Structures are given as structure tokens and as C-alpha cells.
Amino acid sequence: MTVNIQPKGTGSPAASLDVIQLYRTMLIARLTNDLLKTRKTQGRYPFYIGCAGHETMAAVVAALNEDDWLALYYRDLAAWLQRTGDVYAALREAYSRTTGPSAGRNMPAHYSNRRLHILPGMSEVAGLCPFAGGIGFSIKQQQGHELILCSTGDGGAATNDFHVLFSQATIHRLPVLMVIEDNGWAITTPTSRQWAGSLVEWANARGAYAEEVEGSDVMASYEAVQRLVQHIRSGRGPALLHLHLGLLDPHSSSTDIRSYRTKEELAQTAATRDPVKNFGRWLVAQGHAREEELEQMRKELRAELERAEQEVLQEPEPAAERVTRHVLSLPQWRENTPRGTSRQLTMLGAINEALVELAQRDPGFFVYGQDVGSSKGGVFGATAALVKQMPDRAISSPLNEQLIVGIVAGAGMKEGKARCAEIQFVDYHQSAAQTLRLAARIQYQCYGDWTAPLLVRAKSGSGGGGPISSSTVGGGAYGHSNAGEQWFTVVPGMITVCPATPFDAKGLLLEAARAQSPVTFLERGRLYRSEPPRDDEGIICAELAQYWSVPDGYYTLPLGKARRLRIGEGPSRVAIIAWGTMVLEACTAAMNIVKREGGAIEIVDLRTLMPFDQEAVAAAVAEANRVLVVTEEVDATSFGRHVHSWIVENCFYDLDGTPIFISALPAPAAPYNAPEEIAFYPSAKTIEASITRLLAE
Ligand SMILES: Cc1ncc(C[n+]2csc(CCOP(=O)(O)OP(=O)(O)O)c2C)c(N)n1
């Protein structure tokens, strides 16, 4: 099937549009809609959401180039058909066939095709918007000639996600065309509840060129889009189209249309605002076609669709065995010996070096976050070296964490490689939580067609500098001291890393940038400038101190592999499972006990929290027969509790004593004042007391 696709780089006038072909595309969308609606009523599948009244989107896409990017929503079947010509996709998604755009995983009407630049459709209304901003950002960074169209409904225009896109696009003057398909309703809620005043005036006042148009007038819509596209392509920044439409069907197959719309309004909408009928009338009036020809086309297309449906029904359905496929992509680690000279470095120094390495090796790599482009290199100075050496790769963002994650995630999706978001304090990632979770889901939801490589670095954990035991208090308090792992390790599809030493921080960060799944890289604030831990007599822990020596240049360390540290001689008597700051606390505790009592204690530094190294944990427990898990998360549902529970379930017969769990206390966060803060966190002393108790059991 041929479609109305403009070749690259042309801005052809409306006259060059193949109007018959456009009508045909819109008609296929309507006929597919009607067929699928009927099949749902016949009980052939559980759900259908339609496009009737939104077929004008074919004309919107007809005004674009074939390599422009599309972030569509569930009413955009006509846009999909206009870009792909694929009449099978909607049928395949409805019948959940492996041949469909999501290989049968997503609900009907969620369009996606990486090769054809169509982003994976999300059920979360406007959930794609922040990613679309990231695609636009990447196009601009790479001086591409394309643009991205991002569509959503009038309800979608009220979401944070849409407002994030609007800010991304206007602040950075991105090549983004935002289309609000306003059909008057968000399920049963009228548009007047979604925004106040004029959307066009609002957008124009805030830096986007905006127009509104009656969408059932297809040619007027096409011409409006041409003007908006011209504005964007001339480098003047984003544009917004407020497209007024009439919704001809209920919201979805689960909605009773009569419960919120009157008979009269429905009849009026169908009579006057049906874009397919209106466009057909226009074609006849303008002499492009005769009514009988359009009717003949309708009959032929309906027959063609029914044949396609029969073919689709012969295609395979997904097999249950594949249910865990495409959840996570860990990079295949390649053995590499660091060749650079080693120097003593802080973790902050190691992170600075890793970011410069990444930028030098990958021309598209950048760090994006609050203050990261200042000469200070962000509030902690992690990008100071990057700013000095390659200033265009450290880009300061507005103060909006979802906006930050969206830019980086979208750019990573487009380029197939992770770019880096810096979240100043992990506590503040929360506005970005939805975008992060969606990024982690993308690979699964489209069965590996798209991935969302994304590196999120965040300062996390107790405030202050140095190990808790040797640096008194930190004063991080609320908003600056959350551990964070409890938020990320529960997200399927996400990798979570938390290094304890400078050597590991650099090697793991360099490896994390190779992952195709999103990585959250938790940097413990206390460890940024920390020295190696010491025992009560001030003796440095040599087993750990060696990892303050960091090679120059590039090296990587495997994700998903723990580091096993043995303090003392002989078989280990206790295994301590720890990560981040707690590795240092555990080393101090172990040194004190071993000095007093002899023997050995093993500390398993997980390094990667999810997926964690189950083999190393099981081996350490099997040797010591006693185990202790220590985390600085608060005592609620937490990652530490997960590891503890995994040990109970999987290592039960290796245990000679109760597996101990140590965490911060069950309170919202560490208070600012010193006595309460010290009481809040676990420290070497708490760990030491637990080891003594465990050994006496
Ligand atoms: C973030 C989010 N909140 C709620 C829902 C449930 N929901 C699905 S569609 C919808 C209405 C969307 O309305 P609008 O954006 O106007 O699009 P329309 O369906 O009218 O085209 C809602 C509330 C959802 N999918 N996502």
C-alpha cells in the first residue's frame, strides 16, 4: 500500500498532497475501527479503544517527512497507517499476535516501531511526552533535520508529563510539534476541567508558536500543520497545534457513552464533525472523486480488511514460556586489565574521571542535571573535570527532575546509548519516578524492539563526609539523606548500582554506560571524599584501602558481581552482606572483632544491588553459616529486607544462627540534630554488637 509520505527535506505545498490516498488512509482507519469494535462486542478479545473522529491525524503526519519521529497515543491509528501503511498492526494487537508492534504484549492501539521512528505507545496518558522532549533534544544536539511530533488528548494536556515536554521544548527551543487532540472529553470529564483560558494564548505566551483548528476540516488541519512545521524547521523552536475534534465513539469498549453524553450532542457530532465524511464530501465537491467511487473504495477496503483479519487469525499467539524475556539487558562484561597508572583518588575524583572518559569515547555522551554545567561541576563537583575539559558535554537543566530524566532517556532511546542524568539528591528523584519506571519497562513492553539506555547518577544516603563511625554527624536530614535503593530495586527492568570505593565507582560507572537497560547509580555522599575505614586503634583496613588506588584511563568492572573481602585468617565465621557506606562500617566492625577474637569475617560488598550476586551471597553463607545483612535504608519494606528474605529462603539449611538484619530506624529520615541522627543510622558499633551476639548464639 502506498501512503502520503513526503520525501526528506521538502516542504511541499498542500497542492502536492495525494488527497485520494489520504482519504483512503483515513477510511482504512475508520473501517478498522468499526471492525475491531464489532469483534470486541462479539467477545473476541477483552478491550478496544478507537480512533473514530481522530482520523485527521493522517493529514497531520502527511505534512511531515518520513524520518520525522512520532510519539503517538491510542487514538492515532490513522497516523500509524499514514507512516507505515501497515493495515495488519491494529488487528494483530487486538488479537495479541506475536507479529504485532509489541509482539502481542501491549493493549490494542499502542503503536510502536523503532525502524520507522515511532516511539512505544504508553497506557499512562501523556507518559511518552518527557521522552519525546529527549528525542527533540538529541535531534538538536546532533544537528539533525528531523522533528518529533508528540500527540496527546485534552486530558493529556493537563498532566505533568505534558507540561514537562512543553518546558523541555520551549526552554531548549527543540524541534517538537505538540498536538493536543481535543475531543471534548477525558473519559467523562469535559475539556473545561483540563485547563483554563486559551491553550493557544498560553502556549504563545510561553515560547511556542501555536494555532488551533477544527480538525474535522482535514485540509485546514493539513495546512495549519504545514505552517507549524515550517516554523519548527526554520529553527525557531517548538510549535503547538490545538486540534478540535469530535469523538464519535465512547471513550473505550469499557465506557457507556449514554451515561455522560446526550443523544442530541452525539447525533450533532456525527452529522457535522466526522472527518472522514467531511473529507469525502470535500473530495466530491472539489471534483477529485465521485461519490460512487468513494463507496466502491469503502467496499473494497472492507473486503481487504476482512481478508487481512483471516490471515492474522492464522498467526501465532504468544507462548507463556516467553513471559520473562526482554526484562533486563546487562552488558556482556569483557575482561579488561586497567593499563593506566594508579593514583590515590577520592570517589568524587574517580567519578569525575569516568565521566570525562565516557565523553571522550562517545561523541554523543553528555551529563544533564541541575548546576552540572557550572564551573563547580554540580553541587558536589562530580562534573567539574568535564566542564573544564569538554564544557559542551555538561549541560545545566531547569529545576525539574522529571524533565531531566525525560531528556536523557529520550536521547538514549534515539541514539541507542546511555546518556547521563544527575539527580542532585536521590530524595528528589520522585517527580521523575513515572518516567524512570516507564524507561525500565520499555524493552519489555515492545519485546525488545526499543530499549531505553539511561544512566541516572544521584547522591544518596546519610549526609556528611567519611564513614559514619569516624566523622560524627552529617546533617543531611530530610530531603538530603535517603538511601534510595528501596525505590529502584523494586522496578523490574532497572539495574541499581551502589559502589563503596573509588576504584569500583569508576569501573562500574564506565560499565553502567554500556547497559541497554536503565541504570540507577547511587553515589553515597559520605563516600565522595572518604578515606578507607580504620579499626578502633586507627589502623587502616588494608583489604579495602587498596581500592582507593585508581588507574588512569579506561577500565570496567562487571555489573551483577559482588566483591568478597576477607578480614582475618582462616575460614570465615560470619558473612556480612553490605553495600555503599555500610561496607566501610562492616570492615571496621570486622577488624575490631578479628583483632579481639581471631579467625576471619567475610564482607560481601554487593556493588550491584539489582540484579544482586546471588552466587556470591550463597557461597559466603555456606562457608560462614552465620550471616548479617546491613543497610542504611529505614526499617520498612526495603532492599535489605529483600536480600535477607532471599537468604532465609535459599540458604536456610546452611544457617547455624538466626540471620540478622540491621538497618536505620523505622522513621521517615534522619533528623538534622546530632544525637538523633547518630541514633538513627547503623554504624560499626551496631554491627559489632550484632556479630558478637550472632557468634554467641
Ligand atoms: C496517567 C493516567 N491517569 C489516568 C489514566 C486512565 N485514563 C485512561 S484514558 C483517560 C482519559 C484520557 O483523556 P484524553 O487525554 O482527553 O484522551 P481521549 O481518550 O479523550 O482521547 C484516563 C483518565 C491513565 N491511563 N493514565
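As shown above, the structure is provided for reference.
No experiment lies behind these values; they were computed from the predicted model shown.

Colleague: Help me get a handle on the overall build of the chain, residues and values and all.
Modeller: A count of helices and strands for the chain gives 23 helices and 21 strands. The C-alpha radius of gyration of the chain comes to 29 Å, within 12% of the 26 Å expected for a compact globule of 697 residues. Dimensions of the chain along its principal axes, counting C-alpha atoms only, are 100 × 55 × 45 Å. The burial tally for the chain puts 62% of its 697 residues in the buried class.

Colleague: Got a sec to walk through a nonpolar patch on the surface? Specific residues and values, please.
Modeller: Together, Val648, Phe652 and Tyr653 line one region of the surface with nonpolar side chains, adding up to about 380 Å² of accessible area. By the element assignment, Tyr653 lies in the loop between helix H21 (639-650) and strand S21 (660-662). The exposure class of Tyr653 is exposed, given its relative accessible area of 80%.

Colleague: Explain helix H10 (residues 275-285) residue by residue, including any values.
Modeller: Listed in full, the buried residues belonging to H10 are Pro275, Val276, Asn278, Phe279, Gly280 and Leu283. In this structure, the buried side of H10 is in contact with helix H1 (19-41), helix H8 (218-233), helix H9 (263-272) and helix H11 (291-313). Its side-chain oxygen at 2.9 Å from the backbone nitrogen of Val276, Asp274 defines the N-terminal cap of H10. The first or second residue beyond H10 is Gly287, which carries a positive phi of 80°.

Colleague: Any chance you could break down the packing of aromatic side chains for me, citing the residues and the numbers?
Modeller: Using the criterion set out here, one finds 22 aromatic pairs in the structure. Ring geometry for Phe162 versus Phe166: centroids 6.4 Å apart, planes at 50°, classification tilted. On the criterion of helical spacing, the pair formed by Phe162 and Phe166 is a turn pair, its members being 4 residues apart in helix H6 (residues 160-171). Overall, Phe162 belongs to the buried group, its relative accessible area being 2%.

Colleague: Give me the side chain of Ser462: which residues, what numbers.
Modeller: Within the fold, Ser462 resides in the loop between strand S12 (455-460) and helix H16 (485-488). Looking at Ser462, the relative accessible area reads 1%, which means it is buried.

Colleague: Outline the side chain of Thr152, supporting the account with residue identities and numerical values.
Modeller: Note on placement: Thr152 falls in strand S2 (residues 148-153). The contact partners of Thr152, leaving out residues within four places of it in the chain, are Tyr73, Val125, Ala126, Ala157, Phe162, Val179, Ile180 and Glu181.

Colleague: Please give an account of the pairing of strand S18 (residues 600-605) that cites residues and values.
Modeller: With 6 of 6 residues buried, S18 is to be regarded as a mostly interior element. Residue alternation in S18 divides its side chains into two sets, Ala600, Glu602 and Val604 and Ile601, Ile603 and Asp605, and both sets are buried. The pairing of strand S16 (residues 563-568) with S18 spans 6 bridges and is classified as antiparallel. Bridge assignment links Leu565 to a residue of S18, and that residue is Ile603. Bridge count between strand S17 (residues 572-578) and S18: 6 bridges; the pairing is parallel. Bridge pairing in S18 links Ile577 to Val604. Where the polypeptide runs from S17 across helix H19 (residues 581-597) and back to S18, its parallel neighbour, the crossover connection is right-handed.

Colleague: So what about unusual backbone geometry? Which residues, and what values?
Modeller: Backbone torsion omega between Met610 and Pro611 reads 0°, so that peptide bond is classified as cis. Checked against the element boundaries, Pro611 lands in the loop between strand S19 (608-610) and helix H20 (614-624). Despite not being glycine, Tyr447 shows a phi value in the positive range, around 55°. Its location among the elements puts Tyr447 in the loop between helix H15 (433-445) and S12.

Colleague: Outline the nonpolar core, supporting the account with residue identities and numerical values.
Modeller: Here is a general trend for soluble globular proteins: nonpolar side chains tend to be buried in one another's company. Among the nonpolar cores identified, the biggest contains 85 residues, and Leu606 and Ile647 are the most heavily contacted of them. It is helix H14 (residues 401-415) that contributes the most residues to this core, 8 residues altogether. If we skip the residues at most four places from it in the chain, Leu606 touches Lys561, Ala562, Ile577, Ala578, Trp579, Phe612, Val617, Phe639 and Val643. Core analysis: the next-biggest nonpolar cluster, separate from the first, contains 71 residues, Cys420, Val550, Met591 and Ile691 among them.

Colleague: So what's going on with helix H3 (residues 77-84)? Which residues, and what values?
Modeller: Across the 8 residues that make up H3, a large majority, 8, are buried. Looking only at H3, the buried set comprises Leu77, Ala78, Ala79, Trp80, Leu81, Gln82, Arg83 and Thr84. Among the structural elements, H1, helix H2 (57-62), strand S1 (69-71) and helix H4 (88-94) are those in contact with the buried residues of H3. Of the residues one or two after H3, Gly85 is the one with positive phi, at around 70°.

Colleague: If you had to explain the site of the ligand to someone new, which residues and values would you point to?
Modeller: Lining the immediate environment of the ligand, one finds 15 residues, of which Tyr73, Tyr74, Arg75, Gly155 and Trp185 sit closest. With respect to the ligand, the backbone of Gly155 contributes an N or O atom lying 2.8 Å from an oxygen atom. Between Trp185 and the ligand, the recorded distance is 2.5 Å, taken from a backbone N or O atom to an oxygen atom. Against a free-state accessible area of 580 Å², the protein chains account for coverage of 70% of the ligand.

Colleague: Tell me about the sheet that holds strand S3 (residues 176-182), residues and numbers included.
Modeller: Reading across the sheet, the 5 strands line up as S1-S2-S3-S7-S6 and stay open at both edges, with parallel pairing between neighbours. Two strands bound the open sheet, and with one partner strand each, they are S1 and strand S6 (209-214). For this sheet, the mean angle separating the axes of adjacent strands, direction not counted, is 15°. Bridge analysis of S3 against strand S7 (residues 239-244) gives 6 bridges, and the strand direction is parallel. From the neighbouring strand, Glu181 faces S7, where its bridge partner is Leu243. Running over the sheet, helix H5 (residues 129-141) touches S1, S2 and S3 and is turned about 165° from S2.

Conventions we followed
Residues numbered from 1 in each chain as written. Predicted model: local features only at pLDDT ≥ 70, side-chain atom pairs only at ≥ 80, totals over all residues. Heavy atoms only, no water. Helix = DSSP H or I, 4+ residues; strand = E, 2+ residues; numbered from the N terminus. Rg over C-alpha atoms; globule rule 2.2 N^0.38 Å. Buried < 20%, exposed > 50% of the residue type's maximum accessible area, 1.4 Å probe, protein only. Patch = residues over 30% accessible without salt bridge, like charges linked within 9 Å, V, L, I, M, F, W, Y side chains within 5 Å. Areas by Shrake-Rupley, 256 points an atom, 1.4 Å probe, with all protein chains shown as cover. Salt bridge = Lys/Arg side-chain N within 4 Å of Asp/Glu carboxyl O. Contact = heavy atoms within 4.5 Å. Polar contact = N/O pair within 3.5 Å; in protein donor to acceptor, adjacent residues only side chain to side chain. Phe/Tyr/Trp six-rings, centres within 6.5 Å; stacked < 30°, edge-to-face > 60°. Pairing = 2+ DSSP bridges. Right-handed = clockwise from strand over helix to strand, strands pointing away. Core = buried A, V, L, I, M, F, W, Y, C linked by side-chain atoms within 4.5 Å. Near = heavy atom within 4 Å. Axes fitted to C-alpha atoms, helices over the stretch in contact; angles between N-to-C directions.

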